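Residues per chain are reported as follows:
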Amino acid sequence: VLPLPQITLEENATIRLGSTHKVAKLSQKTLLLWSRVLVTYPEVEILIIRDHLVSSSEERIRGFMMEMGVKAHQIIFLSDIPTGSFLQIYNSFDILLDTLHWSGHITACNALSMGVPVVTMYGDNSAGRMVSSLLQTMGNSDWVASSEQEYINIIGQLIVEKRTHSVRQKFRQKFLSSAVCDGANFTNELLQIIKQCL
């Protein structure tokens, strides 16, 4: 398991929101919501990380968000993923933002395994509810929004909390000890269901 960052943010330190999603998932509706977040919290930055992120995608995303009122300095892109474990990139920001319509299940698992909280919105289809199901299973339904305004409010609550090493460690342990990561118990329950069907 990779070590978590040994960093304690000062009260006035910049909080970074993050996205490691495929660029195709960054729909107009998602970018509009993220823009509302950044306009609401002008002291916050967003770090959009993806390997092979082309300049045209960066220009499209930056242009759209700036049209929505986001300041240029709030938007940061990173396409050079650190060598070694890609999980290191989750040490670069404080909160992972989930996408709309098609949530990022594996992306959320990666973030939670690195102690990074994830904010999602309950979708209207199974693809849009994967991360909310994950968070509810590990006991963090308070990170699941039922509306765009609640999504923004949840991020505000997380911003207030200091993103310290100890907080990240708490989130990581909660995820790893939850039913989400209990493969043995899941397998046993699945076998019982199969036996009942035979």
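Note that the structure is predicted; figures quoted are calculated from it, not measured.

Trainee: What exactly am I supposed to notice about the nonpolar core here?
Mentor: Nonpolar side chains in soluble globular proteins generally cluster together in the buried interior. In this structure, Leu17, Ile46, Met65, Tyr151 and Ile155 are the most contacted members of the largest nonpolar core, which totals 53 residues. A total of 6 residues in this core trace back to one element, the largest contributor, which is helix H5 (residues 148–160). Excluding residues that lie within four positions of it along the chain, Leu17 makes contacts with Val37, Leu38, Val44, Glu45, Ile46, Leu47, Phe93, Ile95, Leu97 and Ile155.

Trainee: What's the story with the pattern of salt bridges in this structure? I'm lost.
Mentor: Where side chains of opposite charge bring their charged atoms close, a pairing between them can arise. Per the stated rule, a full pass over the model turns up 3 salt bridges. The closest approach of N and O atoms between Glu45 and Arg16, which form a salt bridge, is 2.9 Å. Of this pair, Glu45 sits in strand S2 (residues 45–49) while Arg16 sits in strand S1 (residues 16–19), and the two are 29 residues apart along the sequence. On the accessibility criterion, Arg16 (28% relative accessible area) is partly exposed. Its salt-bridge partner being Arg36, residue Glu148 comes within 3.1 Å of it at the nearest N-O pair. Highlighted residues: Glu148 in helix H5 and Arg36 in helix H1 (residues 28–40), separated in sequence by 112 residues. Classification of Glu148 by relative accessible area gives partly exposed; the value is 23%.

Trainee: Please clarify how the side chain of Ser19 should be interpreted in this entry.
Mentor: Note that Ser19 resides in strand S1. With relative accessibility at 0%, the residue Ser19 sits in the buried group.

Trainee: Can you walk me through the packing of H1 against H5 in this structure?
Mentor: In a packed pair of helices, the relevant descriptors are the angle between the two axes and the axis-to-axis distance. With their axes 10 Å apart at the nearest point, H1 and H5 run at an angle of 45° to one another. In this view, H1 runs oblique relative to H5, as classed from their interaxial angle. Handedness of the H1/H5 crossing: right-handed. The residues of H5 that touch H1, namely those facing Lys29, Leu33, Trp34, Arg36, Val37 and Thr40, are Glu148, Gln149, Tyr151, Ile152 and Ile155. Considered class by class, the residues forming the contact of H1 with H5 number 6 nonpolar, 2 polar and 3 charged.

Criteria and thresholds
- Think of each chain on its own: its residues are numbered from 1, step by step along the sequence as written.
- Local features in a predicted model are, by the rule used here, given only for residues with pLDDT of at least 70; side-chain atom pairs are given and counted only at 80 or more, and totals for whole chains, interfaces and linings are based on all residues.
- Side-chain numbers here rest on the full set of heavy atoms in the structure, without hydrogens or water.
- What is meant by a nonpolar core is a set of buried Ala, Val, Leu, Ile, Met, Phe, Trp, Tyr and Cys residues, joined one to another through side-chain atoms within 4.5 Å.
- A 1.4 Å probe rolled over the protein chains alone gives each residue an accessible area, and that area as a share of the maximum for its type sets the label: buried under 20%, exposed over 50%, partly exposed in between.
- In this description a helix means any DSSP run of H or I spanning at least four residues, a strand means any run of E spanning at least two, and both kinds are numbered starting from the N terminus.
- A contact between two residues is defined here by any heavy atoms of the two lying within 4.5 Å.
- Whenever Lys or Arg places a side-chain nitrogen within 4 Å of a carboxyl oxygen from Asp or Glu, that contact is recorded as a salt bridge.
- Axis definition: a line fitted to C-alpha atoms, limited for helices to the stretch in contact. Angles are taken between N-to-C directions and run from 0 to 180 degrees.
- These descriptions rest on fixed angle ranges, namely under 35 degrees for roughly parallel, over 145 for roughly antiparallel, 65 to 115 for roughly perpendicular, and the rest for oblique.
- Crossings are sorted by hand: turned counterclockwise from the far helix by less than a right angle, the near helix makes the crossing left-handed, and turned clockwise it makes it right-handed.
- Classes in brief: Ala, Val, Leu, Ile, Met, Phe, Trp, Tyr, Cys and Pro nonpolar; Asp, Glu, Lys and Arg charged; the others, Gly included, polar.

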